[in-house]
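Reading the structure
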Amino acid sequence: MAFLADSLKRIKPSATIAVTDKARALKLAGRDVIGLGAGEPDFDTPDNIKEAAIKAIQSGKAAKYTNVDGIIELKEAVVRKFKTENGLDYTTKQISIGTGGKQVLYNALVATLNPGDEVIIPAPYWVSYPEMVLLAGGEPIEVQTTMESGFKLAPDVLERAITPKTKWVLLNSPSNPTGAAYTKRQLKALTDVLVRHPHIHVLTDDMYEHLVYDDFEFFTPAQIEPRLYERTLTVNGVSKAYCMTGWRIGFAGGPEPLVKAMAMIQSQSTSNPTAVSQWASVEALNGPKDFIPKHNRIFKERRDLCVAMLNQANGIVCPKPEGAFYVFPSCAGTIGKTAPTGKKLATDEDFVTELLEAEGVAVVQGTPFGQGPAFRISYATATTALEEACARIQRFCGNLR
Ligand SMILES: Cc1ncc(COP(=O)(O)O)c(C=O)c1O
């Protein structure tokens, strides 16, 4: 349509939102559907956080515009978080608060990308990364990882992807969609490469920092390589670990000029993130965190359940990831087989469509995440539903001919 901007021709809608919508529509039509598409915890926001929000509303603190990129109390809480949890020293002037991690990442890209600037994105990646880069006028450069290497970017692959036009390398650990997280040694091997290329900046998306299992220890690039501190934007938020996806608060720490530029973009687009959510986030970061290990015990149980059951399904291979609440199994062994409807599975999109049709299980195909044939399961759902869903996947794969 001539009315719409040409820039829209470069991007595609989110596949994860599409599958969630499709599952919702089938449910509304009366089908028994188990949705494993949505990337958010099934737990409610903890009560102390809700109470802080109610107090902010009642005291009038939530009624007015705030500082464009966040109230000072939240910036101070973020400074403390980075210091105590990551050993990173930032001042409040180096902190940006936005409407979810998504806006913070988008602001950073809009603030820095000129036409032709390249952003290295290891695949599989969160579906929004390449599209955000394209919207901001840059060029996403996808580099592949393999299931055999635990979906970790190899240093020599990173090195080969670097050009004079590389502006950012975008790292995400633990990862959406694979759950893969870099050990200190693996991350150091990547930062060693980046230190040698002073024109490159590091955009690290640490959104799933707290969701790691089996005593895995989380590290972020600027923490293990101080020489990268000046050229790293460390992005994080309250959405996942604090069960606050709907509240829409994300944050970042990084170089002051970049943080200032991001604030300018925010000032001319959305202005401040919602005041009540900012006050709730102050409590999230400063308050008790005992619910996190409790949730993690449940997430770990569910991860182990998924991995065990999916590896028993014909044609499926499911690696065991370190964190987040996703598994990313390969369905290569089902391609070429025929579903109960008579449809021959040619792609992972066929696999997920036929699975939804035959068994009412909604998962997202791997291809939009940059690698297929595979699919992503979000196990942030009730354990009984998850067990039933995995049993249905086993039955579906067993019925393929
Ligand atoms: C890897 C990753 N980064 C960022 C985000 C965005 O988080 P928020 O909901 O805070 O915008 C998500 C959400 O799905 C994600 O998976």
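Residues numbered from 1 in each chain as written. Predicted model: local features only at pLDDT ≥ 70, side-chain atom pairs only at ≥ 80, totals over all residues. Heavy atoms only, no water.

1. Examining the overall build of the chain
A count of helices and strands for the chain gives 13 helices and 12 strands. If one aligns the C-alpha atoms of the chain with their principal axes, the spans along those axes are about 60 × 55 × 55 Å. In the chain, buried positions account for 55% of the 401 residues. Of the side chains in the chain, 44 bear a positive and 44 a negative charge, and the two mean positions are spaced by 1 Å. (Helix = DSSP H or I, 4+ residues; strand = E, 2+ residues; numbered from the N terminus. Buried < 20%, exposed > 50% of the residue type's maximum accessible area, 1.4 Å probe, protein only. Lys, Arg positive; Asp, Glu negative; His and termini not counted. Charge placed at Lys NZ, Arg CZ, Asp CG, Glu CD.)

2. Quick word on a nonpolar patch on the surface
A surface patch of nonpolar side chains, about 550 Å² in accessible area, is lined by F3, L4, L8, Y106, V110 and L135. Along the polypeptide, F3 turns up in the segment before α1 (15-28). Given a relative accessible area of 70%, F3 falls into the exposed group. (Patch = residues over 30% accessible without salt bridge, like charges linked within 9 Å, V, L, I, M, F, W, Y side chains within 5 Å. Areas by Shrake-Rupley, 256 points an atom, 1.4 Å probe, with all protein chains shown as cover. Salt bridge = Lys/Arg side-chain N within 4 Å of Asp/Glu carboxyl O.)

3. Focus on the site of the ligand
Around the ligand there are 13 residues in total, and D205, Y208, S239, K240 and R248 lie nearest to it. Between the ligand and N176, the relevant distance is 2.8 Å, taken from an oxygen atom to a side-chain nitrogen or oxygen of the residue. Protein chains shield 92% of the accessible area of the ligand, which is 390 Å² for the free molecule. The cavity that encloses the ligand is the largest pocket. (Near = heavy atom within 4 Å. Polar contact = N/O pair within 3.5 Å; in protein donor to acceptor, adjacent residues only side chain to side chain. 1 Å grid on protein atoms, 1.4 Å probe; cavity = no way out; pocket = protein on both sides within 12 Å on 5 of 7 lines; lining within 4 Å. Sits in = over half its atoms within 2 Å of the grid points.)

4. Examining helix α3 (residues 72-86)
Under the 1.5 Å per step criterion, the end-to-end length of α3 is 20 Å for 15 residues, consistent within 8% with the ideal 21 Å. Within α3 the residues assigned to the buried category are L74, K75, A77, V78, V79, K81, F82 and N86. Against the buried residues of α3 lie β2 (95-98), α8 (221-224), β7 (232-237), β8 (250-253) and α10 (275-286). G87 sits one or two positions beyond α3 and adopts a positive phi of about 65°. (Expected span 1.5 Å × (residues − 1). Contact = heavy atoms within 4.5 Å.)

5. Some details on the nonpolar core
Side chains that are nonpolar tend, in soluble globular proteins, to be buried together. Ranked by internal contacts, the top residues of the largest apolar core, which has 40 residues, are L310, F351, F375 and I377. Beyond its immediate chain neighbours, meaning those up to four positions away, L310 contacts I316, C318, V327, P329, I377, C390 and I393. Residues L109, V119, V127 and A374 belong to the second largest nonpolar core, which totals 35 residues. (Core = buried A, V, L, I, M, F, W, Y, C linked by side-chain atoms within 4.5 Å.)

Function cannot be inferred from these measures alone, as they are strictly geometric.
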